[in-house]
Amino acid sequence: MSSDSATRITPGNALRPEDIVAAGNKAPADVAEYALRLGDDSLILAQRLGWWISRAPELEEDVALGNIALDLLGHARSFLSYAGSASSRTEDDLAYWRREGEFRSAHLFEQPNGDFGRTIARQLVVSFYQYELYTALMSSTDSTLAAIAAKAVKEVDYHRDHSAQWVLRLAGGTEESRRRITRALELTWPYAGELFEDDELAVSLAAAGAAVLPSSLRERFDAGVGAVLSEAELEVPQVPAAPGGGRRGRHSEHLGYLLAEMQVLAREHPGASW
Amino acid sequence: MSLHTDASPGLQAVPAEAESVPDGAQAHFEQLLAEDSRIEPRDWMPEAYRKTLVRQISQHAHSEIIGMQPEANWITRAPSLKRKSILMAKVQDEAGHGLYLYSAAETLGTPREKMTEDLIAGKARYSSIFNYPTLSWADMGAIGWLVDGAAICNQVPLCRASYGPYGRAMVRVCKEESFHQRQGFEILLELANGTGAQRGMAQDAINRWYAPSLMMFGPPDDDSPNSKQSMAWNIKRFSNDELRSRFVGMIVEQVKVLGLTLPDDSIRFNEDKQQWEHGPLDWNEFKEVLAGRGPCNAQRLARRREAHEDGAWVREAAAAYAAKQAAAQKTEVA
């Protein structure tokens, strides 16, 4: 990998999941539940994006999508390690041994890859959301969450650039690509709303300064994504929001299959280490 | 992430004109070889040398790209998040290697587009090893240890290959390959020290990958028609059998650390020849796989073709966008 890779870990700015475990900070139960949400979002999307490696439209894109998947997996491992500290569980206990209803990811992250346009539309929404989220979370009163966010935000900034550049190219490329990205945005947009929904946990943690209130991110998200769509001469899709429910463990039809594949080998060998 | 390759934009590939040899060019080429110096893209070179290199470098690039598939097969099922992360990074490195190598081949005047077309049309070759299936997680270990290990034995001498861009690309590739080999060995070590089922999985993987990895060095020396010329051109430095023997000597020691065995009772050190010897290999199987009749040949090519065809609209969009931007800039300047 080249030295300017976003995923390159160098001494000094490294924050590895192992470091979080070694630091031994035990997350309070409500913070752990919040960390689980963020960890699951990134884990499920990393699992989706990993599929593209060896299937992308260009070799450069195999590398780019692989890089993004790796970054997200890194964030997921950090959040899950911290979430697990509340109940003496490891990142792998949480990833491989929870049932579907125990996952706290929003529906957007589990949406199928579809064609490259669908993947890019999902990346656009996710990367602009996560950028605003982590920017705000850097000021968390919980030092572990703040540290994870500080590392993640730098990487997510690249993800924003990647998705925005592709939206411009697909929208301004050929008739076919414009048709596809327009449709992809329409299919993706219903799942954006769930990201900005407040609930009891988010409200109380945000009041305490540990978490970010989801609804507070909407304005900056709309402005950021709106600027990209406007430059691409695309409309913000006017489609009804999907019901969501991921934060309560209620998922779409897609998550079960994703988990079955992700967990199958680990579950064949209970107690084994790898 | 930007990939810096050795094909710097300043270097213009020499157009292929076999018939006109500039005065003294042949002598200069011979002299560079005699001095064990590098041939660079700007230098005159015999057409046969150029063709041999394009064939070898593009085959090597194709091997990296097709070689992503057997390992990508386990990314979604990797049994721990740490292993998933390492495997993703590894397969991503392979795409990077493919990119450096295509760039090195492009300095010889063959565009990547053409090499890709040849690959998906089934006209170009790639390493036969990638036509075997990855049936268990332990295959990720066996591929790292044996397949990447064999590749390193083959590739370290290529860092000194006479063609500059190739040699320099190989320096980068080898650094990453040696990391890949270590992580493969570590997977097997963990399995070998794990449960009975994990140990069985590891031994089974070694049994399946041992012979194909030995065959990666190519046919025996007396049946390798191109080797002699490649050695005369300082592209190849050691014979197939020399490298294979060296590899056997390495793994016969390493397998002891794993507490597992190689599926070959005939391995011994020949004191007279000062070489490691191994049991007979099924060269018929090698030829069958090479001829396209291996377990996964059709599957691997179909997948590459599908990715290429499914991505056509994206590449067309990027090209159209770039053309529009360039046209708009031109208008602005005017």
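A.B. asks: For this particular structure, what's the right way to read helix 9 (residues 200–207) of chain A?
C.D. replies: The periodicity of an α-helix, 3.6 residues per turn, causes residues three or four places apart in sequence to face the same way. Residues and elements named next belong to chain A. Those residues of helix 9 that sit buried are L201, A202 and L205. Viewed end-on, helix 9 has its buried residues packed into an arc of 95 degrees, placing them on one side of the element. Opposite the buried face of helix 9, by more than 90 degrees, sit the exposed residues E200 and A207. Those residues of helix 9 that are buried are in contact with helix 2 (29–50).

A.B. asks: Please explain the packing of aromatic side chains as it appears in this structure.
C.D. replies: Applying the stated criterion to the full structure yields 15 aromatic pairs over all chains. The interplanar angle of 85 degrees and the centroid separation of 5.0 Å between the aromatic rings of F116 of chain A and W166 of chain A together place this pair among those described as edge-to-face. Taken as a pair, F116 of chain A in helix 6 (residues 116–137) and W166 of chain A in helix 7 (residues 143–171) lie far apart in primary sequence, 50 residues in all. Like W166 of chain A, F116 of chain A is buried. For the ring pair W145 of chain B and F185 of chain B, a centre distance of 6.0 Å and an interplane angle of 65 degrees mean the geometry is edge-to-face.

A.B. asks: Explanation requested: the nonpolar core in the structure shown.
C.D. replies: Across soluble globular proteins, you tend to see nonpolar side chains buried next to one another. Counting 179 residues, the largest nonpolar core has Y34 of chain A together with W137 and W145 of chain B as the members making the most contacts within it. Ranked by residue count, the leading element in this core is helix 3 (residues 59–84) of chain A, at 13 residues.

A.B. asks: Mind showing me how you'd approach unusual backbone geometry here?
C.D. replies: For E233 of chain A, which is not glycine, the phi torsion reads 55 degrees and is therefore positive. Relative to the elements of secondary structure, E233 of chain A occurs in the loop between helix 10 (218–231) and helix 11 (255–268). Phi is positive for D36 of chain B, close to 60 degrees, though the residue is something other than glycine. Here D36 of chain B shows up in the loop between helix 1 (25–34) and helix 2 (47–66).

A.B. asks: Help me out: how do you make sense of the confidence of the model for chain B in this one?
C.D. replies: Detailed reading of the predicted coordinates is not advisable wherever pLDDT is low. All names here are of chain B. Put simply, chain B has an average pLDDT of 91, and 94% of its residues get 70 or more. Looking at the elements of chain B, mean pLDDT is at its lowest for helix 9 (residues 227–232), recorded as 84, and at its highest for helix 8 (residues 196–215), recorded as 98. In the predicted structure, residues 1–14 sits below a pLDDT of 50 and forms 34 contacts with residues beyond four places in sequence or in another chain. Across the predicted assembly, pTM comes out at 0.92 and ipTM at 0.94.

A.B. asks: Looking at this model, I keep getting lost on the environment of D93 of chain B. Mind explaining?
C.D. replies: Residues and elements named next belong to chain B. Positionally, D93 belongs in helix 4 (residues 81–106). Of the residues examined, D93 reaches a relative accessible area of 9% and is grouped as buried. Between the alpha carbons of D93 and P79 there is a distance of 21 Å; along the sequence they are 14 residues apart. At 2.8 Å, the side chain of D93 forms a polar contact with the side chain of H180.

The rules behind each value
Residues numbered from 1 in each chain as written. Chains lettered and ligands numbered in written order. Predicted model: local features only at pLDDT ≥ 70, side-chain atom pairs only at ≥ 80, totals over all residues. Heavy atoms only, no water. Buried < 20%, exposed > 50% of the residue type's maximum accessible area, 1.4 Å probe, protein only. Helix = DSSP H or I, 4+ residues; strand = E, 2+ residues; numbered from the N terminus. Arc of directions from axis to C-beta. Contact = heavy atoms within 4.5 Å. Phe/Tyr/Trp six-rings, centres within 6.5 Å; stacked < 30°, edge-to-face > 60°. Core = buried A, V, L, I, M, F, W, Y, C linked by side-chain atoms within 4.5 Å. pLDDT = per-residue confidence, 0-100. Polar contact = N/O pair within 3.5 Å; in protein donor to acceptor, adjacent residues only side chain to side chain.

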